[in-house]
Amino acid sequence: MRSVSLRTPVCFSRLLVDAISIAMSSRNQRPLQMTSHSIESNSKLSPEMHISQHELQKERIPLAFRDYCAHLLPDLNKCRRANWYMPWHCEEERVAWNKCQYDE
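Student: Please explain unusual backbone geometry as it appears in this structure.
Tutor: Excluding glycine, most residues fall at negative phi; most peptide bonds, likewise, are trans. For Arg60, which is not glycine, the phi dihedral falls at a positive 60°. Residue placement: Arg60 occurs in the loop between helix H3 (53–58) and helix H4 (73–82). According to the relative accessible area criterion, Arg60 is exposed, its value standing at 74%. Despite not being glycine, Cys90 shows a phi value in the positive range, around 60°. For Cys90, the location among the structural elements is in the loop between H4 and helix H5 (91–103). Judged by its relative accessible area of 9%, Cys90 is buried.

Structural data, given as structure tokens:
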């Protein structure tokens, strides 16, 4: 086993690799190997944009809000402007946008 002095800089990842290799050699087993195929099959599919950049510019959606839920904002903003931004109006549109943001 390697001795570590306080004056020698220690790389945590190297210590972790050493610990794993010692544990695996004592059990005579190989560590699990992650392949690119297994990573791709476990990841979610990326969502698609339902609104074009031109439409977002036309609706004057700020850049900070141009994400995968931006297709819900034009209807929400129209409803808000029509109802003078009253918080009890446009509840369905607001909840749909918040749910989309949460799921994303």
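There's more to say after this.
Student: I would appreciate a short explanation of the packing of H4 against H5 in the present structure.
Tutor: For any two helices packed against each other, one specifies the inter-axial angle together with the distance between the axes. Running from amino to carboxyl end, H4 crosses H5 at an angle of 145°, the nearest separation of the two axes being 9 Å. With respect to the hand of their crossing, H4 and H5 are arranged in left-handed fashion. Between H4 and H5, the residues in contact are Leu73, Leu76, Cys79 and Arg80 and Glu93, Arg94 and Trp97, respectively.

Student: I tried to follow the confidence of the model for the chain on my own but got confused; where do I start?
Tutor: Detailed reading of the predicted model is not advised wherever pLDDT is low. Within the chain, residue pLDDT values average 78, and 57% of them lie at 70 or more. Element-level pLDDT for the chain is lowest in helix H2 (residues 36–42), with a mean of 48, against a maximum mean of 97 in H4.

Student: Can you walk me through H4 in this structure?
Tutor: Along an α-helix, residues three or four positions apart point the same way, because every turn accommodates 3.6 residues. For H4, the complete set of buried residues consists of Leu73, Pro74, Leu76, Asn77 and Cys79. Residues of H4 that are buried make contact with H5. Immediately beyond the C-terminal end of H4, within one or two residues, lies Trp84, with a positive phi of roughly 55°.

Student: Before we go on, may I ask you to explain a nonpolar patch on the surface in this structure?
Tutor: The grouping of Trp84, Met86 and Trp88 at the surface amounts to a nonpolar patch, some 450 Å² of accessible area in total. Structurally, Trp88 is set in the loop between H4 and H5.

So, how was this worked out
- Residues numbered from 1 in each chain as written.
- Predicted model: local features only at pLDDT ≥ 70, side-chain atom pairs only at ≥ 80, totals over all residues.
- Heavy atoms only, no water.
- Helix = DSSP H or I, 4+ residues; strand = E, 2+ residues; numbered from the N terminus.
- Buried < 20%, exposed > 50% of the residue type's maximum accessible area, 1.4 Å probe, protein only.
- Axes fitted to C-alpha atoms, helices over the stretch in contact; angles between N-to-C directions.
- Left-handed = near helix turned anticlockwise from the far one by under 90°.
- Contact = heavy atoms within 4.5 Å.
- pLDDT = per-residue confidence, 0-100.
- Patch = residues over 30% accessible without salt bridge, like charges linked within 9 Å, V, L, I, M, F, W, Y side chains within 5 Å.
- Areas by Shrake-Rupley, 256 points an atom, 1.4 Å probe, with all protein chains shown as cover.
- Salt bridge = Lys/Arg side-chain N within 4 Å of Asp/Glu carboxyl O.

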